[in-house]
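Coordinate inspection notes
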Amino acid sequence: MTERLDTAPACLEGSEQRAPSALDTPALIAESLSALVEDYGLSGYVLITVPGETSTDFSSSVLLTSWPEEMLKSYDHAGLVFGSPVIERLRNSTIPFLYDSEATNRRRADGKAEIAACLFEKYGLPRGAYFPAHNSAGLRGALAFGGRRAALTAREMIELNAVANHVFTRMVALTADRSARADLSRREIECLSWASAGKTSLEMSEILGLSEYTVNHYLNRATRKLDAVNRPQAVAKAVRAGLLN
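Keep in mind the model is a prediction, meaning the values are calculated, not measured. Position numbers for residues count from 1 along each chain, tracking the sequence in the order it is written. The predicted origin of the model limits local features to residues at a pLDDT of at least 70 and limits the giving and counting of side-chain atom pairs to 80 or more, whereas totals for whole chains, interfaces and linings rest on all residues. Where side-chain values are given, they derive from all heavy atoms of the structure, hydrogens and water being excluded.

A closer look at the overall build of the protein chain
Summing up its helical and strand segments, the protein chain has 11 helices and 5 strands in all. Within the protein chain, contacts between residues separated by at least 24 positions form 63% of all contacts whose residues are at least 6 apart in sequence. Each accessible area is a Shrake-Rupley estimate made with a 1.4 Å probe; only the visible protein chains count as cover when residues are assessed. For the protein chain, the exposed surface amounts to about 12100 Å²; the carbon and sulfur share of it is 51%. By the criteria applied, helices consist of DSSP H or I runs no shorter than four residues and strands consist of E runs no shorter than two, each listed in order from the N terminus. Any two residues whose heavy atoms approach within 4.5 Å are treated as being in contact.

Okay, structure coming up:
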C-alpha cells in the first residue's frame, strides 16, 4: 500500500518538478493514467467533461480513455447517457464515489439497467470509482477508473482523488492551447462573452438586437470552432485562450 501511496501523486506531481513537464502532451497524460490503472490492479480509465443535460452522446465528452472504441460506440448506440445515474450524480456533486455497474444501474428509470450493466461487465469494468474535478474557469469533469477487482479502499480513493483535478486541468489546458487560434468572428466572441456573464440566448438576442435563432447559431458555430462539447466548455476554452476578457 505504501508503494501505491507514493505512486499515485508521484506519477503526476513528481513529473512537475522536471522541466518542462512530463505532462506536456495528451499522450504523456494517457501514459501516466495507464500506469495508475496497472498499479491499482484496475482495467481502464476515462477522463471526461461532465455531459450537459442536452448532450446526446457520451463520446463527445471524453477527453482521454482506455475504454475500447467499440464500448464507446455501444454506449452511445444504446443511448445510455440519458438517464445515467452516474452522469446525474456528477452534475450535482463534487464528492468522489464508488460504482458497481449492476447495483448503480438499478436506479435507471429508462429500462436499460441490464443493457448498461452487461456492457460494463463485457468490457471488464463492472466496478470502480468516479472522481469529480474542475478547472479554474469552472468547467466540470471527472476521472474514473474501473475493473474487476474488489472496491477501492478509502485510502485508495484519497490517493486517486489527489490525481483527478491535476489531470483534468492539465488536459483541458492542452486542449485549449490547440484551440487558441480558432478563427472566431466578432459576433461569436460577443455571444460567448455574454454567455460567460450568465445571459440566456433570449437575453442576448435583446442585448445584441438579434433573433434568438441567430444567437444560437453564433454560439453553436463558436462551440464547433473551439472543439467544445457544450456552451460552458466553449466559454471556458475561449477564456483560457485569451479570446474573452
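Looking at the pattern of salt bridges
Here a salt bridge means any side-chain nitrogen of Lys or Arg lying within 4 Å of a carboxyl oxygen belonging to Asp or Glu. Taken as a whole and assessed by the stated rule, the structure comprises 11 salt bridges. Taking the shortest distance from any N to any O, the salt bridge between Arg187 and Glu190 comes out at 2.9 Å. Here Glu190 and Arg187 lie together in helix α8 (residues 186–196), a separation of 3 residues that amounts to about one turn. Arg187 gets classed as partly exposed once you look at its relative accessible area, which sits at 22%. Burial classes follow relative accessibility: with a 1.4 Å probe on protein chains only, a residue under 20% of its type's maximum area counts as buried, one over 50% as exposed, and anything between as partly exposed.

What about the packing of aromatic side chains?
Here is the rule: rings of Phe, Tyr and Trp (six-membered ring for Trp) pair when centre to centre is within 6.5 Å. Planes less than 30 degrees apart are stacked, more than 60 are edge-to-face, and the remainder are tilted. Within this structure, the stated rule accounts for 8 aromatic pairs. A ring pair is formed by Tyr75 and Phe120, whose centres lie 6.3 Å apart and whose planes are at 85°; its orientation type is edge-to-face. Of this pair, Tyr75 sits in helix α3 (residues 69–77) while Phe120 sits in helix α6 (residues 113–122), and the two are 45 residues apart along the sequence. The pair Tyr75 / Phe120 is uniform in exposure class, with both members buried. Clustering of aromatic rings is evident, with ring pairs tying together Phe58, Trp67, Tyr75, Phe97, Tyr99, Phe120 and Tyr130.

These figures capture arrangement, not role.
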